[in-house]
Amino acid sequence: MDFFTLGLSFILLHELDAIRCHEWRMFPLTSFLPERTGMIVFLYLHIPLFYWILLPSTLNDPTFKYGFSIFLIVHCFLHIGFLWHKKNEFKDWISWSLIILAALCGMLHLLDL
């Protein structure tokens, strides 16, 4: 099984869920913005990020895959660290299944399973 691609799928779904959970309210660069502006900035900043990630040259780069798999694991721990944040809305099983499954795929990819 291609755990890298599966992990990428989970993290992309998590980013969709992040809109539902108003994640921009927790980021230092967007938390101070008016609600609608924060959402728009958060949403549109993902376009160049997703574009770069989904480029064939990026997706086929073993160094990127390795680093991204590490990121998936670190990302999970960041969400654990932000559980205390008063504006954190990642509380249900839907959000946490995406976060944890992405991290698990990152780990399995690094273990080359």
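Our structure is the block above this text.
What you see is a predicted model, and the numbers here were worked out from it, not measured in a lab.

Colleague: Talk me through helix α4 (residues 62-81); I want residue IDs and the actual numbers.
Modeller: Spanning 20 residues, α4 covers 29 Å between terminal C-alpha atoms, matching the ideal 28 Å at 1.5 Å per step. Of the positions making up α4, those classed as buried are F64, F68, S69, L72, H75, C76 and H79. The buried residues of α4 all sit within an arc of 140° when viewed along its axis, so they share a single face. Residues P62, T63, Y66 and F77 are exposed on α4 and point more than 90 degrees away from its buried face. Along its buried surface, α4 packs onto α1 (3-20), α2 (35-54), α3 (56-59) and α5 (93-110).

Colleague: Please set out the nonpolar core residue by residue, giving values where relevant.
Modeller: With 13 residues, the main nonpolar core has L8, I11 and F68 as its most contacted residues. Broken down by element, this core gets its largest block of residues, five residues, from α1. Counting 11 residues, the second largest nonpolar core, distinct from the first, contains C21, W24, C76 and I99.

Colleague: I'd like a description of unusual backbone geometry, backed by residues and values.
Modeller: The phi torsion of most residues other than glycine is negative, and most of the peptide bonds are trans. Notably, H22 is not glycine yet its phi reads approximately 55°, a positive angle. Structurally, H22 is set in the loop between α1 and α2.

Colleague: Pulling in residues and values, what's your account of α1?
Modeller: Given 3.6 residues to a turn, an α-helix orients residues that are three or four positions apart in the same direction. Under the 1.5 Å per step criterion, the end-to-end length of α1 is 26 Å for 18 residues, consistent within 8% with the ideal 26 Å. Within α1 the residues assigned to the buried category are F3, F4, G7, L8, F10, I11, H14, E15, D17 and A18. Taken together, the buried residues of α1 touch α2, α3, α4 and α5. Two or three places before F4, at the start of α1, stands the capping residue D2, its side-chain oxygen 3.3 Å from that residue's backbone nitrogen. Positive backbone phi, approximately 55°, marks H22, located one or two places after α1.

Colleague: Tell me about the side chain of H75, and please be specific about residues and values.
Modeller: Note that H75 resides in helix α4. H75 gets classed as buried once you look at its relative accessible area, which sits at 7%. Look past the residues within four positions of H75 in its chain and what remains in contact with it is I11, H14 and I99.

About the criteria used
Residues numbered from 1 in each chain as written. Predicted model: local features only at pLDDT ≥ 70, side-chain atom pairs only at ≥ 80, totals over all residues. Heavy atoms only, no water. Helix = DSSP H or I, 4+ residues; strand = E, 2+ residues; numbered from the N terminus. Expected span 1.5 Å × (residues − 1). Buried < 20%, exposed > 50% of the residue type's maximum accessible area, 1.4 Å probe, protein only. Arc of directions from axis to C-beta. Contact = heavy atoms within 4.5 Å. Core = buried A, V, L, I, M, F, W, Y, C linked by side-chain atoms within 4.5 Å. Polar contact = N/O pair within 3.5 Å; in protein donor to acceptor, adjacent residues only side chain to side chain.

Spatial relationships are all this shows, so hold off on functional conclusions.
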